[in-house]
Number of protein chains: 2
Amino acid sequence: MSEDGQSPRGGGLCDPGSLLPDYQDIVAAAERIAPVAKPTPVLTSRTFNSHYGADAFFKCENFQLGGAFKIRGAANAIFSLPPEQRANGVVTYSSGNHAQATAIAARHAGIRATIVMPDDAPKSKLNATRGYGATVVLYDRMRENRNVIGERIAAETGATIVPPFDHAAVIAGQGTVAKELLEALPDLDTLVVCVGGGGLISGCAIAAKALRPGIRIYGVEPESADDFRQSIAAGRIIEIPPPGTIADGLRTLAPGKLTFEAVRQNVEEIVVVSDEEIREAMRFLLFRMKILAEPSGATATAAVMHGRLPAGLGRTGIVISGGNVDPEVLASVIAV
Amino acid sequence: MSEDGQSPRGGGLCDPGSLLPDYQDIVAAAERIAPVAKPTPVLTSRTFNSHYGADAFFKCENFQLGGAFKIRGAANAIFSLPPEQRANGVVTYSSGNHAQATAIAARHAGIRATIVMPDDAPKSKLNATRGYGATVVLYDRMRENRNVIGERIAAETGATIVPPFDHAAVIAGQGTVAKELLEALPDLDTLVVCVGGGGLISGCAIAAKALRPGIRIYGVEPESADDFRQSIAAGRIIEIPPPGTIADGLRTLAPGKLTFEAVRQNVEEIVVVSDEEIREAMRFLLFRMKILAEPSGATATAAVMHGRLPAGLGRTGIVISGGNVDPEVLASVIAV
């Protein structure tokens, strides 16, 4: 069981529930988060379609508040808390976008947020999280367990833990991405989503299957971070060694309990792409489509570009999950 | 008179008309170009608004086909040609976005396009233009006059010249940018547009003033390429030495006859920004808003960011004119 996949323990914690959210939970989430999450545009590219034989629709969560889809799940979890529980604040652990999202949602709710982040997290993400008013607690991800730190803080302060993905309210919030996309494009045949801890694909799969039962959902992982692919193949949650992929948002060690179940039930297949394929997708998105995707955000695109999915995808939704990239990383990607 | 500003002479050429287009011409242009130009999204940024005390709406022509607004004017000019004139093809001179736009529109119309381009134009732009099926004729911009070459080709082949900006049909096409924006946001108070040859701001000003007579229009030039500012101040067209600004799309030497008149009639003021301010705007657009703007495309944003416009702008439309940037230029912009 990875750090991320582990169900939270400690002080006042969100009830992760034993069941996955259903579509009604996603509908309720959409209403709950409307004051803070914004609807994101869907872009198309004739060049992409003609180069790669695709009929693609890019759902741009890189334009989301906080630069990634994560605000949807964090806001849904926080706004669902009863007032007396909110008063003690929230705590979470995240190397990146979930940290910023929790900080933004907590500020919007007027409560304190403490974020446990690795000391090697991208500077932009550390600074942005602090900029949103959260308290950042750094840890050494090679030697310390962030869950333990988060739980200690929760126990000491009574704060509620908002886990990054393995939580029904978080999954329901992320599902609003696909709800929006399918409402705009009801006749999609395929949906392609990157897979880290699996919160995004789980919520999206539940929403998409409810709105269009015949839709095929594919997950994409970096080849060195294929914990979901291995786990689905084995039929049980498998933990992998810390992966070194450029896609910092997808470096989870194992699926969550809920997200494993959601993917097992709803996803056709998990495919993988190389880091160089991710870089190439970032360059295409940047120089041809003029949008900045972070490496994780370009991963689903990379799978379509490099033919990692079965033929005959039809009308294909591709989720650009986020766009938070440090200038040094971007410089390395564009220097070819 | 600059090369660009000069009215075309030669073989079968577009009639530039002696009058500016009116709003009905822009309505007709919108219908004519609909098969090729695509409606572009409008983005907002809470971070931009809170950092810069703005209420801004970014019209993203960097997402346009060909990567810039230029397809609108080129397509309108080409699609307006009578069939017998189309048959002889079109010719234009441009080192950048108008070249690609003319090539795309000509291919769409099923006619030949010849583009006169400087032999030191970036390979990416040469290749892109050829990739759209156009014939590229290279010239030495230190020793040859591209207009003369274009006119010779027009005379020899009967091709029609499609000038980059000083042409009623081109201006009407560019005006569809503001038509779209004002139809989406009818209560804008201010519109900020970059100024090169002035085709974009001329068309946008005509459309915006027709839809919302009280709107204020501001033009923005790089400080080393302030031919419009000088010309408006002098009350006559003034030619400047070749400017060295990073904003390669705005390096015109003088206003056109039509565009000078349109700006004189409709624009409140022309302001200028430095190249470093343009770079800073590019970085904000890229890292905070996740969109790639070319230097010209970030120029209007730079003016709002750096307070170059009067206070009390109200609801402000900002046109991102294009997003075609070479990787080397982008690398130099993000390395700070």
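About the criteria used
Residues numbered from 1 in each chain as written. Chains lettered and ligands numbered in written order. Predicted model: local features only at pLDDT ≥ 70, side-chain atom pairs only at ≥ 80, totals over all residues. Heavy atoms only, no water. Helix = DSSP H or I, 4+ residues; strand = E, 2+ residues; numbered from the N terminus. Rg over C-alpha atoms; globule rule 2.2 N^0.38 Å. Buried < 20%, exposed > 50% of the residue type's maximum accessible area, 1.4 Å probe, protein only. Contact = heavy atoms within 4.5 Å. Areas by Shrake-Rupley, 256 points an atom, 1.4 Å probe, with all protein chains shown as cover. Pairing = 2+ DSSP bridges. Axes fitted to C-alpha atoms, helices over the stretch in contact; angles between N-to-C directions. Buried area = accessible area lost by both parts, 1.4 Å probe. Nonpolar A, V, L, I, M, F, W, Y, C, P; charged D, E, K, R; others polar. Domains from an automatic or database assignment. Salt bridge = Lys/Arg side-chain N within 4 Å of Asp/Glu carboxyl O. Polar contact = N/O pair within 3.5 Å; in protein donor to acceptor, adjacent residues only side chain to side chain.

Novice: Before we go on, may I ask you to explain the overall build of chain A in this structure?
Specialist: Within chain A, the secondary structure is distributed over 14 helices and 10 strands. Over its C-alpha trace chain A gives a radius of gyration of 18 Å, about what one expects of a compact globule, namely 20 Å for 336 residues. Overall, the C-alpha framework of chain A stretches about 55 × 45 × 40 Å when taken along its three principal axes. The buried share of chain A, taken over its 336 residues, is 63%. In chain A, 74% of the contacts between residues at least 6 apart in sequence involve partners at least 24 apart. As displayed, chain A offers around 11500 Å² of accessible surface, 50% of which is attributable to carbon and sulfur atoms.

Novice: Can you help me understand the sheet that holds strand β8 (residues 216-222) of chain A in this one?
Specialist: Across a sheet, paired strands are connected by hydrogen bonds in the backbone, their directions being either parallel or antiparallel. All names here are of chain A. Spatial strand order, β1-β2-β10-β7-β8-β9: six strands in an open sheet with mixed pairing. Strands at the two margins of the open sheet, each flanked by one partner only, are β1 (42-43) and β9 (269-273). Bridge analysis of strand β7 (residues 190-194) against strand β10 (residues 315-320) gives three bridges, and the strand direction is parallel. Looking at β10, one finds that V192 is bridged to I318. Along the sheet, helix α12 (residues 275-288) makes contact with β2 (55-60), β8, β9 and β10, crossing β9 at roughly 85°.

Novice: Before we go on, may I ask you to explain the interface of chain A and chain B in this structure?
Specialist: Interfaces are often sized by the accessible area lost when the parts come together. Taken together, the contacts link 28 residues of chain A with 27 residues of chain B. Summed over both partners, the interface of chain A with chain B comes to about 2000 Å²; 62% of that surface belongs to carbon and sulfur atoms. On the chain A side of the contact with chain B, R46(A), F287(A) and K290(A) bury the most area, a combined 32% of that side's loss. Among the elements of the structure, α12 and α14 (327-334) of chain A are those that each provide at least two residues to the side of chain A that touches chain B. Tallied by class, the residues present in the side of chain A that touches chain B amount to 17 nonpolar, six polar and five charged.

Novice: Could you clarify how one ought to interpret the domain arrangement of chain A in this entry?
Specialist: Residues and elements named next belong to chain A. Domain annotation for chain A reports domain 1 (23-68 + 169-334) and domain 2 (70-167). On a C-alpha basis, the centres of domain 1 and domain 2 stand 23 Å from each other. At the junction of the two partners, domain 1 supplies 38 residues and domain 2 supplies 26 residues. Counting the surface lost from both domain 1 and domain 2, the interface buries some 2500 Å², and carbon and sulfur atoms represent 54% of this. For the pair domain 1 and domain 2, the number of links is four salt bridges. Among the salt bridges present, the one from E61 reaches R72, with a minimum N-O distance of 2.7 Å. On inspection of domain 1 and its partner domain 2, the count reaches 19 residue pairs in polar contact (both at pLDDT 80 or more). Secondary structure elements with two or more residues in the side of domain 1 that touches domain 2: α1 (23-33), α8 (168-184) and α11 (257-266).

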